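Chain residues, written in single-letter form:
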Amino acid sequence: MKMIRNTLYVTLEGAWVHKDGEAITIHKEHSKVAQFPIHQIGEIVCFGYGIGVSPNLTEYCASKGVTITYVDGRGKFLARMQGPVHGNVLLRRAQYRISDNPEQSLAIAKCFVAAKIQNQRNVLLRHLRNHNGCEGESAIKQSIAAMEEGVASIKRVRDSAELRGVEGNAADNYFSVFNYLILNKDPDFRFTSRNRRPPMDRINAMLSYAYSILSLDIRSALECVGLDPYVGFLHVDRPGRPSLALDLMEEFRAPIADRLVLSLINLKSVSSKNFKVLPNGEVEMDADTRKTLLSAWQKRKQEEINHPLLDESMPTGIIYTEQARLLAKHVRGEIEYYPAFLWR
């Protein structure tokens, strides 16, 4: 039996999170705001500033393998508290050896990038199937064709720099037609290009936030199977950068994060009025929009999805762990290549 525990997202700034018997209780200004059964929580993520976690709850989480992560209001990672690491030392040594071997690293990185491009392509194909004769149909088909050429070219790639070039070209083609996927005609929800650090429009603000949440889930999945999330094969190592988590999340960006953002906008679950435009042009979501996105994300993790390789239906939140487990099998030499996740 597969169990998936919830992630508790605390977005109320100034809140006090503490253990009360067998529950996690949230107070603000001496008033109880919410309470959750403690055994159902697998991770606590504090979004924003001034959120306090009691020493008693911190000690409990450390002993039970529940991580506490602090992220600022924009979704940028700040800090992470976790108990003893129980990763398999032999697995991690094998991971480090592969990471130091350009040829082996490139072979795995090709799988990540090929899956990312295929999944972006499949998002566009699904849009065409669901909206026959849609606006921008010709441009979308041209982007799909260019992305197919990009996937085919990966076999001929000789180094990581060339591979990142293929990835970048595919991303340009994908996002060049992304605005056609937005059916909500609110002019404030218009998408022109992918931008970040900071995001300069509402779509990019939501995408960046969703990618931040996805990276946290992927990092937890890697730690669960014993891999080191900071040593990757595609992204360059950098102090404090979870390179392997960024590697693995590539194949999930389009089918999970992008589709969730599109769904919230197209179903008008979020309003363009609930965003703040700063003097420098940066756009931020307000508290209600962040709450809506996080709630939808949590529900999506519980939705059943078919794993194409295992041919088994499972909650979306478990797919990340299954992919991390398949990656670990390849690192240990149990399977010949890493079978990346392909969404259909």
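Preceding this paragraph is the structure being described.
Predicted model, so just to flag it, every value in this text is computed and none were measured.

Analysis parameters
Residues numbered from 1 in each chain as written. Predicted model: local features only at pLDDT ≥ 70, side-chain atom pairs only at ≥ 80, totals over all residues. Heavy atoms only, no water. Helix = DSSP H or I, 4+ residues; strand = E, 2+ residues; numbered from the N terminus. Rg over C-alpha atoms; globule rule 2.2 N^0.38 Å. Buried < 20%, exposed > 50% of the residue type's maximum accessible area, 1.4 Å probe, protein only. Contact = heavy atoms within 4.5 Å. Areas by Shrake-Rupley, 256 points an atom, 1.4 Å probe, with all protein chains shown as cover. Lys, Arg positive; Asp, Glu negative; His and termini not counted. Charge placed at Lys NZ, Arg CZ, Asp CG, Glu CD. Core = buried A, V, L, I, M, F, W, Y, C linked by side-chain atoms within 4.5 Å. Axes fitted to C-alpha atoms, helices over the stretch in contact; angles between N-to-C directions. Parallel < 35°, antiparallel > 145°, perpendicular 65-115°, else oblique. Nonpolar A, V, L, I, M, F, W, Y, C, P; charged D, E, K, R; others polar. Phe/Tyr/Trp six-rings, centres within 6.5 Å; stacked < 30°, edge-to-face > 60°. Lys NZ or Arg CZ within 6 Å of the ring centre and 35° of its normal. Salt bridge = Lys/Arg side-chain N within 4 Å of Asp/Glu carboxyl O. Disulfide = S-S within 2.5 Å. Left-handed = near helix turned anticlockwise from the far one by under 90°. Pairing = 2+ DSSP bridges.

**Q** Would you explain the overall build of the protein in this entry?
**A** Scanning the protein from terminus to terminus reveals ten helices and twelve strands. Taken against the 2.2 N^0.38 rule, which gives 20 Å for 344 residues, the C-alpha radius of gyration of the protein at 20 Å falls within 12% of a compact globule. Over its C-alpha atoms, taken along the principal directions, the protein stretches across nearly 60 × 55 × 40 Å. Counting every position in the protein, which comprises 344 residues, the buried fraction comes to 52%. Within the protein, contacts between residues at least 6 apart in sequence are counted, and of these 62% link residues at least 24 apart. Summing over all exposed atoms, the protein offers an accessible surface of approximately 16,600 Å²; the carbon and sulfur share of this is 50%. Averaging the coordinates of the 45 positive side-chain charges in the protein and doing the same for the 39 negative ones gives two points 1 Å apart.

**Q** Even after reading the chapter, I still don't get the nonpolar core, so can you show me in this structure?
**A** Across soluble globular proteins, you tend to see nonpolar side chains buried next to one another. With 87 residues, the main nonpolar core has Trp297 and Leu327 as its most contacted residues. Broken down by element, the residue count for this core peaks at 14 residues, all from helix α6 (residues 202-225). Not counting residues within four places of it along the chain, the set of residues in contact with Trp297 comprises Tyr9, Ala210, Ile213, Leu214, Asp217, Ile256, Ala257, Leu260 and Tyr320. Core analysis: the second largest hydrophobic core is formed by 16 residues, Val10, Ile41, Cys61 and Ile68 among them.

**Q** Which parts of the structure should I look at to understand the packing of helix α3 (residues 102-130) against helix α5 (residues 160-176)?
**A** A pair of packed helices is characterised by two quantities: the angle between their axes and the separation of those axes. Put simply, α3 and α5 touch, their axes get as near as 10 Å, and they point 10° apart. If you check the angle between α3 and α5, you find them roughly parallel. On α5, the residues touching Leu106, Ala109, Lys110, Val113, Lys116, Ile117, Gln120, Val123 and Leu124 of α3 are Ser160, Leu163, Val166, Glu167, Ala170, Ala171 and Tyr174. Tallied by class, residues from the contact of α3 with α5 come to eleven nonpolar, two polar and three charged.

**Q** How should I be thinking about the packing of aromatic side chains in this particular structure?
**A** Remark: the centre distance and the inter-plane angle together describe each pair of aromatic rings, the angle taken between the planes. Going through the model one piece at a time under the given rule, you end up with nine aromatic pairs. Both rings, one in Tyr174 and one in Phe175, keep their centres 4.9 Å apart while their planes meet at 65°; by these two values the pair is edge-to-face. Taking relative accessible area as the criterion, Tyr174 reaches 0% and is therefore assigned buried. A network of ring pairs unites the aromatic residues Tyr174, Phe175, Phe178 and Phe191 as a single cluster. Lys19 extends its terminal NZ or CZ atom over the ring of Tyr60, reaching a point 5.5 Å from the ring centre. Over the face of the ring belonging to Tyr211 we find Arg253, whose NZ or CZ atom lies 4.6 Å from the ring centre.

**Q** Would you mind going over the pattern of salt bridges with me for this structure?
**A** Per the stated rule, a full pass over the model turns up twelve salt bridges. With its nearest N and O atoms 2.9 Å apart, the salt bridge here joins Glu148 to Arg121. On the criterion of sequence distance, the pair formed by Glu148 in helix α4 (residues 137-153) and Arg121 in helix α3 is long-range, its members being 27 residues apart. Of the residues examined, Glu148 reaches a relative accessible area of 37% and is grouped as partly exposed. Classification of Arg121 as buried rests on a relative accessible area of 19%.

**Q** How do you make sense of the state of the cysteines when you look at a structure like this?
**A** Put plainly, a disulfide is one covalent bond tying together the sulfur atoms of two cysteines. A complete count under the given rule lists zero disulfides for this structure. Summary of cysteine pairing: Cys46 is not part of a disulfide, and the nearest cysteine sulfur, belonging to Cys61, is at 9.6 Å. Residue class for Cys46 comes out buried when judged on its relative accessible area of 0%.

**Q** How do you make sense of the environment of Ile41 when you look at a structure like this?
**A** Mapped onto the elements, Ile41 comes out in strand β5 (residues 41-47). Of the residues examined, Ile41 reaches a relative accessible area of 6% and is grouped as buried. Taking the C-alpha atoms as reference points, Ile41 and Asn274, separated by 233 residues in sequence, lie 29 Å from one another.

**Q** What's the story with the packing of α6 against helix α9 (residues 287-302) in this structure? I'm lost.
**A** For the pair α6 and α9, the least separation of the axes is 11 Å and the interaxial angle reads 45°. By the angle between their directions, the pair α6 and α9 is classed as oblique. Between α6 and α9 the crossing geometry is right-handed. Note on element contacts: α9 touches α6 through Arg290, Leu293, Leu294, Trp297 and Lys301, opposite Met206, Tyr209, Ala210, Ile213, Leu214 and Asp217. Grouping the amino acids of the contact of α6 with α9 by side-chain chemistry returns eight nonpolar, no polar and three charged.

**Q** What's the story with the sheet that holds strand β7 (residues 67-71) in this structure? I'm lost.
**A** Backbone-to-backbone hydrogen bonds pair the strands of a sheet. The strands run either parallel or antiparallel. Pairing within the open sheet is mixed, and its four strands lie in the order β1-β5-β7-β8. Unpaired on one side and paired on the other, β1 (6-10) and β8 (77-81) mark the two borders of the sheet. Direction aside, neighbouring strands of the sheet carry axes that sit 20° apart on average. Strand direction decides the pairing type here: β1 and β5, joined by five bridges, are parallel. Paired with Val10 across the two strands is Cys46, which belongs to β5. The sheet contacts of helix α1 (residues 55-64) involve β5, β7 and β8, and relative to β8 the element is tilted by about 75°.

Spatial relationships are all this shows, so hold off on functional conclusions.
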